[in-house]
Amino acid sequence: MPPKAIFDGNVSDLIEIADASKDRILGNRVLTNKTVAVCFIGLASYFEAFCKHQFAAAINICPQILSNFIKKRGDDSNSLKDVFKIKETINFTLGSLLSEKYDFGSAKAINSLYFDLLGITPFTSTEVKKYAEFLKDRNLLVHDGGIYTYKYHEQKLNSTPPRGLVHAQSLGVTKTDFNNWAGFLQKIAEKMAKATNKSMKDFINRQNIVLHEEQERAIEYISWESS
């Protein structure tokens, strides 16, 4: 299954679950919709997995593309060169093996990895900042159950006095919040899938690489668009 198809299916399931839930309002306060909070955490997990699996798939389909990565990775280059030497014996799984080594936990890290491998940067500078805001909310939900901390207050709420807020109230996450973030990440994933396809084709044409029929089909699938 193409990584994008898996991601689309997972997000569709999360949206369905979130939409079936009920937001919680207490006076003027928006309380955490716990169902949506869990979906929010899942959304972050599925998107990071997509970024990792898309990266791996590009290498699995065309291991030669790793030559770009080896040139740009500096300190990693020696170990990568050794792996590249035995690529014929582990073809179609090499990318999955290597992707476990790298951190896909931020937009900057993702941009760096994809640029070194494919010459693309999936996130614009504005999207890098927006994704960082998403991760701040995700981290608060994962590590503190959504309850405001001084660190989160400093990051996002410093215009509001901390008393009565930090360690007392929690992040209000609604269905609208979730759907907005889901839409944002779906657009990034779509852009990444198309850019991966184009970059791989350009590399293959420049290097005059002859692909098997299965590889050619896989490159088309990697740019998966949901119907």
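Residues numbered from 1 in each chain as written. Predicted model: local features only at pLDDT ≥ 70, side-chain atom pairs only at ≥ 80, totals over all residues. Heavy atoms only, no water.

**Student:** Got a minute to help me understand the packing of aromatic side chains in this structure?
**Tutor:** Aromatic ring pairs are described here by two measures, namely the spacing of the ring centres and the angle between the planes. Counted under the stated rule, the structure contains 16 aromatic pairs. With a centroid separation of 6.2 Å and 85° between ring planes, the pair formed by Phe 47 and Phe 123 is classed as edge-to-face. Residue Phe 47 is located in helix α2 (residues 34-61), and its partner Phe 123 is located in the loop between α6 (107-118) and α7 (125-144); the two are separated by 76 residues in the primary sequence. Comparing Phe 47 with Phe 123 shows no difference in burial state: the two are buried. Through a chain of ring-to-ring contacts, three or more aromatic side chains come together here, namely Phe 7, Phe 40, Phe 47, Phe 50, Phe 123, Tyr 131, Phe 134, Trp 181 and Phe 184. The residue whose ring lies beneath Lys 72 is Phe 115, and the NZ or CZ to ring-centre distance is 4.7 Å. A cation sits over an aromatic face here: Lys 130 above Trp 181, 5.9 Å from the ring centre. (Phe/Tyr/Trp six-rings, centres within 6.5 Å; stacked < 30°, edge-to-face > 60°. Helix = DSSP H or I, 4+ residues; strand = E, 2+ residues; numbered from the N terminus. Buried < 20%, exposed > 50% of the residue type's maximum accessible area, 1.4 Å probe, protein only. Lys NZ or Arg CZ within 6 Å of the ring centre and 35° of its normal.)

**Student:** Would you mind going over the environment of Leu 140 with me for this structure?
**Tutor:** Along the polypeptide, Leu 140 turns up in helix α7. For the pair Leu 140 and Asn 111, spaced 29 residues apart in sequence, the C-alpha separation works out to 24 Å. Setting aside chain neighbours within four positions, we find Leu 140 in contact with Gly 145, Gly 146, Ile 147, Tyr 148, Thr 149, Tyr 152 and Leu 171. (Contact = heavy atoms within 4.5 Å.)

**Student:** Would you mind showing me how to read the side chain of Ser 99 here?
**Tutor:** The residue Ser 99 is located in helix α5 (residues 94-99) in this model. By relative accessible area, which is 3% here, Ser 99 ends up buried. Excluding its chain neighbours within four sequence positions, the residues that come into contact with Ser 99 are Lys 52, Phe 55, Ala 56 and Phe 104.

**Student:** Please explain the side chain of Asn 68 as it appears in this structure.
**Tutor:** For Asn 68, the location among the structural elements is in helix α3 (residues 66-72). The contact partners of Asn 68, leaving out residues within four places of it in the chain, are Asp 116, Leu 117 and Phe 203.

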